[in-house]
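Spelled out from the first residue to the last, the chains are:
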Amino acid sequence: MIEISKREAAGETVLAVSGCLDTASTPKFSEATDAVASGMLVVDMTGLEFIASSSLRQLVKTKKRLIAVGGDVELSGVNDVIGEVMRMTGLDEVFVLRK
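Residues numbered from 1 in each chain as written. Predicted model: local features only at pLDDT ≥ 70, side-chain atom pairs only at ≥ 80, totals over all residues. Heavy atoms only, no water.

Asks: Can you walk me through the pairing of strand 2 (residues 12-21) in this structure?
Replies: For a regular strand, side chains alternate in direction, first toward one face of the sheet and then toward the other. Counting buried positions over the 10 residues of strand 2 gives 7, a clear majority of the element. Following strand 1 (residues 2-9), the chain reverses through 2 residues before pairing antiparallel with strand 2; A10 in that reversal takes a positive phi of roughly 50°. One crossover worth recording links strand 2 to the parallel strand 3 (residues 40-51) by way of helix 1 (residues 26-34), and it is right-handed. (Buried < 20%, exposed > 50% of the residue type's maximum accessible area, 1.4 Å probe, protein only. Helix = DSSP H or I, 4+ residues; strand = E, 2+ residues; numbered from the N terminus. Pairing = 2+ DSSP bridges. Right-handed = clockwise from strand over helix to strand, strands pointing away.)

Asks: For this particular structure, what's the right way to read the side chain of T26?
Replies: Relative to the helices and strands, T26 is located in helix 1. Accessibility expressed as a relative area gives 8% for T26, which makes it buried. In this view, T26 contacts S54 and S55; residues no more than four positions away in its chain are not counted. (Contact = heavy atoms within 4.5 Å.)

Asks: What is the right way to read helix 2 (residues 53-68) from this model?
Replies: In an α-helix, one turn spans 3.6 residues, which is why side chains three or four residues apart end up on the same side. Across its 16 residues, helix 2 extends 23 Å between first and last C-alpha, which sits within 8% of the 22 Å expected from 1.5 Å per residue. Every buried residue of helix 2 is listed here: S54, S55, L56, Q58, L59, T62, K63 and L66. If you follow the buried residues of helix 2, they end up packed against strand 2, helix 1, strand 3, strand 4 (72-76) and helix 3 (80-89). Within two residues after helix 2, G70 carries a phi angle of roughly 85°, on the positive side. (Expected span 1.5 Å × (residues − 1).)

Purely geometric numbers; function is a separate question.
Right under this line is the structure:
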């Protein structure tokens, strides 16, 4: 089960994601990220336990879309497990990982 909440903070859109972001929950995650039309999107992964490749793809797709309109995507609260996935896929070089 995935939980996603959205808030605005300091001119940024923050999506807090918790639970397991698996293939079944990727459409809900995609809907939430697609709803951000511009600006800085911060995905708070503090409560995230697992992320599927389909959700990683959605993050990359969203980053490309937002960069095209002057925005970006950064990740915060990345735990050791998710951080290792980011390192193994090379996405730690693509995304800013905030503490």
